[in-house]
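Residue-level structure breakdown
Listed below, chain by chain, are the residues.
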Amino acid sequence: MKRPALDLRYKPSMTANRPLLDVSFLRDQFPVFQHPEYGQWAYMENAGGSQAPRQVQDAVSHAFGMVKVQPYYPYGPSTELGDTIDKATAFLGDAMNIGADHTIAYGPSTTANTYMTAQGMRPHMGAGDEIIVSNQEHEANAGCWHRLAAATGATLREWQADPVSGRLSIDDLKLLLSDKTKLLAFTHCSNVVGEIHDAAAITKLAQSVGARVVVDGVAYAPHQMPDVSVIGADAYYFSAYKTFAAHQGVMAIKTGWLESLENQGHYFNGIYAEKRLNPVGPQHAEIASIVGLAEFYSDLYAHHFGEAPAGHASQWVNQVNDLFHAQEVEIAAPLVEFLAGHPKLRLFGPDEMTFSKRAPTIAFAPKDGSDPRALTKAMADAKVGAAAGHFYAHRLMKAVGVEPDTGVARISLLAYNTEAEVTRAIKAIDAAL
């Protein structure tokens, strides 16, 4: 029997006079939505990479076309590029609310950044030490720690997700922590289950036994910029190409810990914190895209609040993100309710769409074990772009009894998606079933 309908609509509670998101203005920032062919699609695989606004595209184009040189030399284009990189780093530092005790570093991807961090830890790990990693992780925040344990003789302890819902319990984590725990790795928000974890509480718990804490924020940052100072993790990672910018891994890491890690860059670059875990050097145009990201947020803030942004970027960026997430909750709630109530479908993660507990990253699969790709094909026929697979959460698939080769269907929304697009997706899934 289908459960009674729930009122899952977003109810503003943080600010008395918060404006509603102007979705038309937001979509106007993205050239793809104005294109006669590509604009027909409803893009619902955003957890795999968001669309890029014109501000980001312009920044990348300028970096590639006009200042494609080495930065920080004393001639015009080189100085300009260096200034651009500095502006990008300053913006991220403010937007993530990092303090003087953290360093922002870049790498080709989050997978590369976590791998280099693990390599840097090797001299500090050995028999008797323990690493805790959840099996809910994207492999970017799992495989590197499994390899570290195997290479050093440390013990890998797995924080296991519930085999039915795929969710994690903090009570289970408490049973694993001890004075032997040297590191805890967990996701701020699973890219399959979608549940938003209390990263600050989990970090505090692990640090109380002396463990280092690394947090994968790749699936969280597209919806709310992380407050690194509040979370308190030793390292926080996300991927800029999933937050409207170009393909670049971003890492905020405690400087003192970073300096204790074995240098992974050229031997003469180990004295530079931002180069210590990056043997390949910075990707200039991709970093420049983050200046375009700052302009994107600035334009949206000015449009919605009637003035240019001022003060610390963590405030005005997240005021815009609050508008984004309210829109996401509003449009995702009917989809979550439909999937949770459908007798032929298994929904993973929370079955309610609420402001603080769930991101609009929504995975589901047929209860009869049939191939979920049939559902994404039906959506594609309706011009809805979604995907099916294990989404690099291979260990989680096994934990919840899903064959990784077929995996689950996933719809992942961002604020530029619309109610009409979600309705199209629901109708396509329903017809296919």
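My aim in this report is to walk through the structure given alongside it, one point at a time. All figures in this text were calculated on a predicted structure; none of them were measured in a lab.

1. Here we look at the nonpolar core
Of all hydrophobic cores here, the largest spans 87 residues; its most connected members are Phe 91, Tyr 297 and Phe 324. When residues in this core are grouped by element, the largest group, 11 residues, is from helix H11 (residues 284-305). In terms of nonpolar packing, the next biggest core, distinct from the first, is built from 26 residues, Leu 347, Met 379, Leu 413 and Ala 428 among them.

2. Points about the state of the cysteines
Considering all chains together, one arrives at zero disulfides under this definition. Between Cys 144, a free cysteine, and Cys 189, which holds the nearest cysteine sulfur, the sulfur-to-sulfur gap is 19 Å. Take Cys 144: its relative accessible area is 6%, and that puts it in the buried class. Judged by relative accessible area, Cys 189 falls into the buried class, the value being 1%.

3. Some details on the pattern of salt bridges
Oppositely charged side chains can pair when the atoms bearing their charge come close. Inspection of the entire model under this criterion finds 11 salt bridges. Ionic pairing is found between Asp 234 and Lys 254, a salt bridge with its closest N-O pair at 3.9 Å. Here the residue Asp 234 occupies a position in the loop between helix H9 (228-231) and strand S7 (235-239), and Lys 254 occupies one in strand S8 (residues 249-254), the gap between them amounting to 20 residues. Exposure remark for Asp 234: the relative accessible area of 3% places this residue in the buried category. The exposure class of Lys 254 is partly exposed, given its relative accessible area of 22%. Among the ionic contacts, a cluster of salt bridges with common partners joins Arg 212, Asp 234 and Lys 254.

4. Section: the packing of aromatic side chains
Throughout the structure, instances matching the rule amount to 17 aromatic pairs. Between Phe 33 and Tyr 43, the ring centres sit 6.2 Å apart and the planes meet at 55°, which makes this aromatic pair tilted. With Phe 33 in helix H2 (residues 31-34) and Tyr 43 in strand S1 (residues 42-43), the pair connects residues that are 10 residues apart, well separated along the chain. For Phe 33, a relative accessible area of 9% gives the class buried.

5. Notes on the packing of helix H13 (residues 373-381) against helix H15 (residues 419-432)
Between H13 and H15, the shortest axis-to-axis distance is 8 Å and the interhelical angle comes to 130°. In this view, H13 runs oblique relative to H15, as classed from their interaxial angle. Both H13 and H15 take part in a crossing whose hand is right-handed. Packed against H13, whose contacting residues are Leu 375, Ala 378 and Met 379, the element H15 presents Ala 425, Ala 428, Ile 429 and Ala 432 at the interface. Split by residue class, the contact of H13 with H15 holds seven nonpolar, no polar and no charged.

Rules behind the numbers
- Residues numbered from 1 in each chain as written.
- Predicted model: local features only at pLDDT ≥ 70, side-chain atom pairs only at ≥ 80, totals over all residues.
- Heavy atoms only, no water.
- Core = buried A, V, L, I, M, F, W, Y, C linked by side-chain atoms within 4.5 Å.
- Buried < 20%, exposed > 50% of the residue type's maximum accessible area, 1.4 Å probe, protein only.
- Helix = DSSP H or I, 4+ residues; strand = E, 2+ residues; numbered from the N terminus.
- Disulfide = S-S within 2.5 Å.
- Salt bridge = Lys/Arg side-chain N within 4 Å of Asp/Glu carboxyl O.
- Phe/Tyr/Trp six-rings, centres within 6.5 Å; stacked < 30°, edge-to-face > 60°.
- Axes fitted to C-alpha atoms, helices over the stretch in contact; angles between N-to-C directions.
- Parallel < 35°, antiparallel > 145°, perpendicular 65-115°, else oblique.
- Left-handed = near helix turned anticlockwise from the far one by under 90°.
- Contact = heavy atoms within 4.5 Å.
- Nonpolar A, V, L, I, M, F, W, Y, C, P; charged D, E, K, R; others polar.

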